[in-house]
Amino acid sequence: MTGQAAMMTTTTFRTPSNPITAAVPPAHSALRLSLNALLDRRGTVDGAWWPRSRDTAGELPALISAVDERLGRAVLRVGLYRDAWDNIPARIPARGRQVRVGWFLSADPHLITLSVAGTAPITLLVIPPGTANVQAMAALTLAAAGTVGVRPADILQPGAADEGTPGRDGSASWENEGGRLTDLEPARPAVT
């Protein structure tokens, strides 16, 4: 567990000098966020966020503030999957500005994108509220460790099916070039 804790960045907002505290209820005082230290943007995601609820207006101010602080740059826009969230305002107040919030129906429901001033957008895996602590901590750690070629569903469900078998999210994999569903028969465990 020591290695996992070292990779995860946690930001606490209960400080007298932090004005965002007033906008964040006490239950939301500790943000559960991990970011890839390099932010090389080669992976599927640049980190993960584990909100406590699906209330966008209540959850996003703390996330925006933490990412601003971590990167030393301002978050300008947030993009998310509409049906995964409640109470989606058009703008979120942030220090000295309003951050625009856009929603999509074609995006992965487990991803949120933050457009940041002067740099490429950051994509975070959203760990669903209510996820078991052990599973969420593992996803926070894996998302920050580098995710080249790893699907968001596989980060949330380690050991999820490989290509050629149905994903744990109910989706099936497509044959590489043929465009047809691959055999949906579950893989049989190897006998050693």
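For the structure, see preceding data.
Just so it is clear, the structure is predicted and the values come from calculations on it, not from any experiment. (Residues numbered from 1 in each chain as written. Predicted model: local features only at pLDDT ≥ 70, side-chain atom pairs only at ≥ 80, totals over all residues. Heavy atoms only, no water.)

## Quick notes on the overall build of the protein chain
Broken down by element type, the protein chain carries 4 helices and 8 strands. When the helices and strands of the protein chain are read in sequence order from the N terminus, they spell out α-β-β-β-α-β-β-β-β-β-α-α. A total of 192 residues make up the protein chain; the buried ones form 39% of that total. Sequence-distant contacts in the protein chain: of pairs separated by 6 or more residues, those separated by 24 or more amount to 57%. Counting only carbon and sulfur atoms, one obtains 54% of the accessible surface of the protein chain, whose full area is about 10600 Å². (Helix = DSSP H or I, 4+ residues; strand = E, 2+ residues; numbered from the N terminus. Buried < 20%, exposed > 50% of the residue type's maximum accessible area, 1.4 Å probe, protein only. Contact = heavy atoms within 4.5 Å. Areas by Shrake-Rupley, 256 points an atom, 1.4 Å probe, with all protein chains shown as cover.)

## Focus on the pattern of salt bridges
Applying the stated criterion to the full structure yields 3 salt bridges. Residue Arg 82 pairs with Asp 83 through a salt bridge whose shortest N-O separation is 3.2 Å. Judged by relative accessible area, Arg 82 falls into the partly exposed class, the value being 31%. The closest approach of N and O atoms between Arg 151 and Asp 154, which form a salt bridge, is 3.0 Å. For Arg 151, a relative accessible area of 29% puts it in the partly exposed group. (Salt bridge = Lys/Arg side-chain N within 4 Å of Asp/Glu carboxyl O.)

## Observations regarding unusual backbone geometry
Non-glycine residue Asn 87 carries a positive phi angle of around 55°. With respect to the secondary-structure elements, Asn 87 resides in the loop between strand E4 (75-81) and strand E5 (91-94).

## Considerations on the packing of aromatic side chains
Tallied over the full model, the rule gives 1 aromatic pair. Ring geometry for Trp 49 and Trp 85: centres 5.6 Å apart, planes at 15°, overall stacked. On the criterion of sequence distance, the pair formed by Trp 49 in strand E3 (residues 47-49) and Trp 85 in the loop between E4 and E5 is long-range, its members being 36 residues apart. For the cation-ring pair, Arg 32 lies above Trp 50, with the distance from its terminal atom to the ring centre recorded as 3.5 Å. The side chain of Arg 82 reaches across the aromatic face of Trp 103, ending 4.7 Å from its centre. (Phe/Tyr/Trp six-rings, centres within 6.5 Å; stacked < 30°, edge-to-face > 60°. Lys NZ or Arg CZ within 6 Å of the ring centre and 35° of its normal.)

## Let's talk about helix H3 (residues 133-145)
In a regular helix each residue adds 1.5 Å, so 13 residues correspond to 18 Å; H3 covers 18 Å between its end C-alpha atoms and thus fits that length. Within H3, burial applies to Ala 136, Met 137, Ala 139, Leu 140, Thr 141, Ala 143 and Ala 144. A positive phi of about 115° marks Gly 146, the residue just after H3. (Expected span 1.5 Å × (residues − 1).)

## Some words on helix H2 (residues 56-71)
For H2, built from 16 residues, the straight-helix expectation of 22 Å at 1.5 Å per residue is met to within 8% by its first-to-last C-alpha distance of 22 Å. When we look at burial in H2, the residues that qualify are Thr 56, Gly 58, Glu 59, Leu 60, Pro 61, Ala 62, Leu 63, Ile 64, Ser 65, Ala 66, Val 67 and Asp 68. Just downstream of H2 lies Gly 72, where phi reads positive at about 70°.

## What about the environment of Gly 79?
Summarising the element assignment, Gly 79 is placed in strand E4. Here Gly 79 falls in the buried class, since its relative accessible area comes to 13%. When the C-alpha positions of Gly 79 and Gly 102 are compared, they lie 4.7 Å apart, and in sequence the two are 23 residues distant. If sequence neighbours within four positions are ignored, Gly 79 has contacts with Gly 102, Phe 104, Ile 112 and Thr 113.

## A few points about the pairing of strand E6 (residues 97-104)
Sheet faces and side chains relate simply in a regular strand, where the side chains alternate between the two faces. Where E4 meets E6, 5 bridges bridge the pair, whose relative direction is parallel. Considered in E6, the bridge of Arg 77 is made with Arg 100. Taken together, the 4 bridges between E5 and E6 define a ladder with antiparallel strand orientation. Along E6, the bridge assignment pairs Ala 94 with Arg 97. Hairpin connection from E5 to E6: 2 residues lie between these consecutive antiparallel strands, with Gly 96 at a positive phi of about 75°. (Pairing = 2+ DSSP bridges.)

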